[in-house]
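Chains, contacts and geometry: an overview
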Amino acid sequence: MSFSADKIKADFMILNQLVNEEPLVYLDNAATSQKPTTVLATVEQYYRRNNANVHRGVHTLAERATAQYEAARQKVQHFIHAKESAEVLFTRGTTTSLNWVAKSYGEASVHQGDEILISVMEHHSNIVPWQQLAKRQQAVLKYIDITPEGLLDMNSLRSQLTSKTKIVSLAHVSNVLGVVNPIQEIAHLVHEAGAVLVVDGAQAVPHQKVDVQELDVDFYAFSGHKMLGPTGIGVLYGKRHLLEQMEPVEFGGEMIDIVTEQESTWKELPWKFEAGTPNIAGAIGLGAAIDYMEAIGVDNIQQHEQELMQYLWPKLTAIPGLTIYGPAKLEQRTGIITFNLEDIHPHDVATAMDMEGVAIRAGNHCTQPLMTRLGCGSSARASFYVYNTTADADKFVEALIATKEFFSYGTI
Amino acid sequence: MGLSKLDQLYRQVILDHSQHPHHYGKLDESTRTIELNNPTCGDVIQLHFLIEDDRITDIRFSGHGCTISKASASMMTDLMVGKTLEEALQLEKQFSLLVQGEEVQDVEELGDAVLLSGVAKFPARIKCATLSWKALEKALAE
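Quantities reported herein were computed from a predicted structural model and do not represent experimental measurements. (Residues numbered from 1 in each chain as written. Chains lettered and ligands numbered in written order. Predicted model: local features only at pLDDT ≥ 70, side-chain atom pairs only at ≥ 80, totals over all residues. Heavy atoms only, no water.)

1. A few points about the pattern of salt bridges
Any two side chains of opposite charge can pair, so long as their charged atoms come close to each other. Residue and element names in this part refer to chain A. For the structure on display, the rule yields 23 salt bridges over all chains. Close ionic contact of Lys103 with Glu107 constitutes a salt bridge, the shortest N to O distance being 3.3 Å. Separated by four residues within a single helix, Lys103 and Glu107 lie in helix H4 (residues 94–109), roughly one turn from each other. Classification of Lys103 as partly exposed rests on a relative accessible area of 38%. Between Glu342 and Lys404 there is a salt bridge, and its shortest N-O distance comes to 4.0 Å. Of this pair, Glu342 sits in the loop between strand S14 (336–341) and helix H12 (346–355) while Lys404 sits in helix H14 (residues 390–409), and the two are 62 residues apart along the sequence. (Salt bridge = Lys/Arg side-chain N within 4 Å of Asp/Glu carboxyl O. Helix = DSSP H or I, 4+ residues; strand = E, 2+ residues; numbered from the N terminus. Buried < 20%, exposed > 50% of the residue type's maximum accessible area, 1.4 Å probe, protein only.)

Next comes the structure, spelled out in structure tokens:
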């Protein structure tokens with residue numbers, strides 16, 4: 001079947017509404033995506049028919065819930081090409097996944113004087129856990145710079161990667177610059193230096209094929225809600241030998257093997273990390289989101305976003321006073337457009353766009369060090385996804401021009 | 001609807017205050033200074049006060065922000081010169097109610113800041129309007 005964004009859009013009921021009396025154009029997908037009917041129906045069906053706790057009941061509903069929950073894990077495994085489902089841990093989201101690595105793997109492997117290497121383009125969730133780890137362990141947190149074009153500076157990476165480096169943690173795709181980092185090449189360099197590579201894949205997994213074995217990453221984190229799934233569910237992938245040597249971050253029910261008054265032992269992977277009742281509905285919903293994405297084809301999603309950018313880019317660069325951050329070469333970026341419009345504050349831009357029904361993000365996008373590096377306190381961001389059409393792109397451009405005129409003349 | 005509704009928020013007087021803010025800069029001598037930021041947008045405001053005998057005799061603001069936060073700071077500083085600390089805090093309370101769409105008595109006492117009442121219809125922007133006023137409250141409470 002041929003790809004049609006219009007047909008796909010019809011699967012997302014939320015997009016069919018007026019906002020401020022204008023048809024909604026949702027361009028805040030890097031913050032969270034919308035959910036197709038199949039995901040909503042799957043979650044509802046779970047609660048209506050199968051709701052029970054997992055891994056502890058022998059009754060029929062408990063078996064159904066457990067089977068669905070573990071089937072979702074296998075869907076994730078195949079989706080990211082992990083070697084086995086035991087390497088797929090369910091978490092609350094990317095932030096929790098990264099915190100787990102920093103807390104458990106980090107505390108065991110980073111010691112006084114060791115170095116952790118991240119980049120200036122990271123989201124706060126891939127900065128603050130490492131800052132805290134560095135403080136606890138008296139280690140050093142170092143930053144890879146970006147090039148003037150807005151790419152990860154590979155020379156900066158190479159020169160800072162030393163025998164002291166224990167962990168390198170980088171975004172696969174920047175949530176601001178939209179740039180795709182060469183993870184496979186970086187993994188090779190990191191492993192040569194004897195360190196492990198952690199990857200924040202929150203902006204990658206929803207938009208492009210990810211093969212964790214081909215990339216040869218040690219840890220890979222992402223969220224369900226940015227890839228058409230529910231909020232509150234995410235994934236931490238880790239290589240088995242690393243997960244095996246890690247202590248759980250949380251303790252309690254579900255994750256234990258034997259508990260005596262003074263000592264306990266843990267279940268095997270992946271359950272030793274999943275203390276307490278997990279987000280069962282979330283995991284099952286994520287499984288449905290993966291089914292939906294696979295039915296469209298992840299390569300088709302990526303190609304659609306590329307084509308949208310090719311359509312949009314010349315229209316945007318024709319607007320005088322519009323500054324777009326990140327590389328100008330479209331093949332180096334995804335469907336994220338972060339910008340400033342003359343000296344109009346991004347909040348004013350976002351409010352004006354909202355009046356036109358266009359939902360964009362404004363602020364620092366949880367990347368204050370990057371905003372400082374780019375020399376802007378804040379910026380506006382439009383981020384496109386599988387259901388966005390060329391009509392959405394046209395409306396975005398039209399609203400930008402109207403916004404610019406409004407603030408130039410103080411009237412319309 | 002489109003941008004016509006924006007006029008409710010961005011009245012001409014508000015745009016004027018934002019483009020040509022009053023009391024913008026620093027004082028040669030200030031008796032109290034405070035900095036407050038809005039972490040969601042990265043806006044930062046600094047207030048510099050000259051306070052004599054529990055009265056604000058001069059005030060300046062600096063920093064960067066959006067149209068609403070700059071205009072609001074400009075209007076706030078216009079209003080506060082000459083006020084006692086008690087009066088200033090009372091006005092801050094009134095303004096806070098106004099932008100949340102609550103009933104305010106003696107609304108004319110708020111001067112140009114009355115024009116920001118339209119912010120109540122844009123809940124995401126209330127924080128922009130109140131940033132400088134919250135900074136004032138925090139500074140005077142110290």
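Continuing now.
2. A short note on empty space enclosed by the protein
The tally for this structure, following the rule as stated, stands at two cavities of 30 Å³ or more. Empty space within the largest cavity amounts to approximately 50 Å³. Sorting the residues of the lining of the largest cavity by element identifies strand S2 (43–52), strand S3 (55–64) and helix H3 (67–80) of chain B as the ones contributing at least two each. Looking at the lining of the largest cavity, the element that brings in the most residues is S3(B), giving four residues. If you trace the second largest cavity, you find it lined by Asn29(A), Ala30(A), Gln203(A), His207(A), Glu305(A), Thr334(A), Gly335(A), Ile336(A), Ser383(A) and Phe384(A). Looking at side-chain class alone, the lining of the second largest cavity contains three nonpolar, six polar and one charged residues. (1 Å grid on protein atoms, 1.4 Å probe; cavity = no way out; pocket = protein on both sides within 12 Å on 5 of 7 lines; lining within 4 Å. Points joined across faces, edges and corners; volume = space filled by probe spheres on them. Nonpolar A, V, L, I, M, F, W, Y, C, P; charged D, E, K, R; others polar.)

3. Regarding the sheet that holds strand S9 (residues 219–223) of chain A
Residue and element names in this part refer to chain A. The mixed open sheet is built from seven strands, whose spatial order is S4-S10-S9-S8-S7-S5-S6. Two strands close off the open sheet at either side, each with one partner strand: strand S4 (88–91) and strand S6 (140–144). Within this sheet the neighbouring strands show an average axis-to-axis angle of 20°, counted without direction. Examined bridge by bridge, strand S7 (residues 165–171) and strand S8 (residues 196–200) share five bridges and lie parallel to one another. Following the sheet pairing, Ala171 is matched in S8 by Asp200. (Pairing = 2+ DSSP bridges. Axes fitted to C-alpha atoms, helices over the stretch in contact; angles between N-to-C directions.)

4. Focus: the domain arrangement of chain A
All names here are of chain A. Domain parsing of chain A yields domain 1 (40–294) and domain 2 (298–409). Averaged C-alpha coordinates put domain 1 and domain 2 at centres separated by 29 Å. Each side of the interface is counted separately: domain 1 has 29 residues, and domain 2 has 27 residues. Approximately 2,300 Å² of surface area, both sides summed, lies buried where domain 1 meets domain 2, with 62% of it carried by carbon and sulfur atoms. The three residues of domain 1 that bury the most area against domain 2 are His124, Val176 and His207, which together make up 27% of that side's buried surface. Connecting domain 1 to domain 2 are one salt bridge. When the shortest N-O distance is used, the salt bridge between Asp145 and Arg373 registers 2.7 Å. Counting every contact that joins domain 1 to domain 2 gives 13 residue pairs in polar contact (both at pLDDT 80 or more). Among the residues making up the side of domain 1 that touches domain 2, the classes are represented as 15 nonpolar, nine polar and five charged. (Domains from an automatic or database assignment. Contact = heavy atoms within 4.5 Å. Buried area = accessible area lost by both parts, 1.4 Å probe. Polar contact = N/O pair within 3.5 Å; in protein donor to acceptor, adjacent residues only side chain to side chain.)

5. Remarks on the packing of aromatic side chains
All names here are of chain A. Summed over the entire model, instances satisfying the criterion amount to 16 aromatic pairs over all chains. With centroids separated by 5.9 Å and ring planes inclined at 65°, the aromatic side chains of Phe339 and Phe396 adopt a geometry described as edge-to-face. Of the two residues, Phe339 is situated in strand S14 and Phe396 in helix H14; the sequence distance between them amounts to 57 residues. In terms of burial, Phe339 and Phe396 fall into one category: buried. Considering the side-chain rings of Phe384 and Phe396, the 6.0 Å spacing of their centres and the 75° angle between planes classify their relative orientation as edge-to-face. Taken together, the positions of Phe384 in the loop between strand S17 (379–383) and H14 and Phe396 in helix H14 put the pair 12 residues apart, joining distant regions of the chain. Like Phe384, the residue Phe396 is buried in the burial classification. Across from the ring centre of Tyr311, 4.6 Å away, lies the NZ or CZ of Lys315, which sits over that ring. (Phe/Tyr/Trp six-rings, centres within 6.5 Å; stacked < 30°, edge-to-face > 60°. Lys NZ or Arg CZ within 6 Å of the ring centre and 35° of its normal.)

6. Digging into the sheet that holds S3(B)
Residues and elements named next belong to chain B. Strand order across the open sheet formed by three strands is S1-S2-S3, with antiparallel pairing between neighbours. What marks the edges here is a single partner per strand, and that holds for strand S1 (32–38) and S3. Strand after strand, the sheet turns through a mean of 20° between neighbouring axes, direction not considered. Bridge count between S1 and S2: seven bridges; the pairing is antiparallel. For Ile34, the partnering residue across the bridge sits in S2 and is Leu47. Across the sheet, helix H5 (residues 126–141) touches S1, S2 and S3, and the angle it forms with S1 is around 145°.

7. Concerning the packing of helix H2 (residues 12–19) of chain B against H3(B)
Helix-helix packing is characterised by the crossing angle of the two axes and by the distance between the axes. All names here are of chain B. Contact geometry for H2 and H3: axes closest at 8 Å, N-to-C directions at 85°. Looking at the two axes, H2 sits roughly perpendicular to H3. Contact residues: H2 offers Val13, Ile14, Leu15, His17 and Ser18, while H3 offers Thr67, Ile68, Lys70, Ala71, Ser74, Met75 and Asp78. In the contact of H2 with H3, the residues fall into six nonpolar, four polar and two charged. (Parallel < 35°, antiparallel > 145°, perpendicular 65-115°, else oblique.)

8. As for the environment of Asp200(A)
Residues and elements named next belong to chain A. Its place among the elements puts Asp200 in strand S8. For Asp200 and Leu152, which are 48 residues apart along the polypeptide, the C-alpha to C-alpha distance reads 14 Å. Beyond its immediate chain neighbours, meaning those up to four positions away, Asp200 contacts Thr94, Leu98, His123, Asn126, Leu170, Ala171, His172, Val173 and Ala221.

9. Notes on the pairing of strand S5 (residues 115–119) of chain A
All names here are of chain A. Within S5, five of the five residues are buried, which leaves it mostly tucked inside the rest of the structure. Of the two faces of S5, the one lined by Glu115, Leu117 and Ser119 and the one lined by Ile116 and Ile118 are each fully buried. Pairing of S5 with S6, which is carried by five bridges, proceeds in the parallel orientation. The residue of S6 that forms the bridge with Ile118 is Tyr143. Crossover handedness for the path S5 to helix H5 (residues 128–137) to S6: right-handed. Sheet topology places S5 next to S7; three bridges connect them, and they run parallel. Paired with Glu115 across the strands is Thr165, a residue of S7. (Right-handed = clockwise from strand over helix to strand, strands pointing away.)

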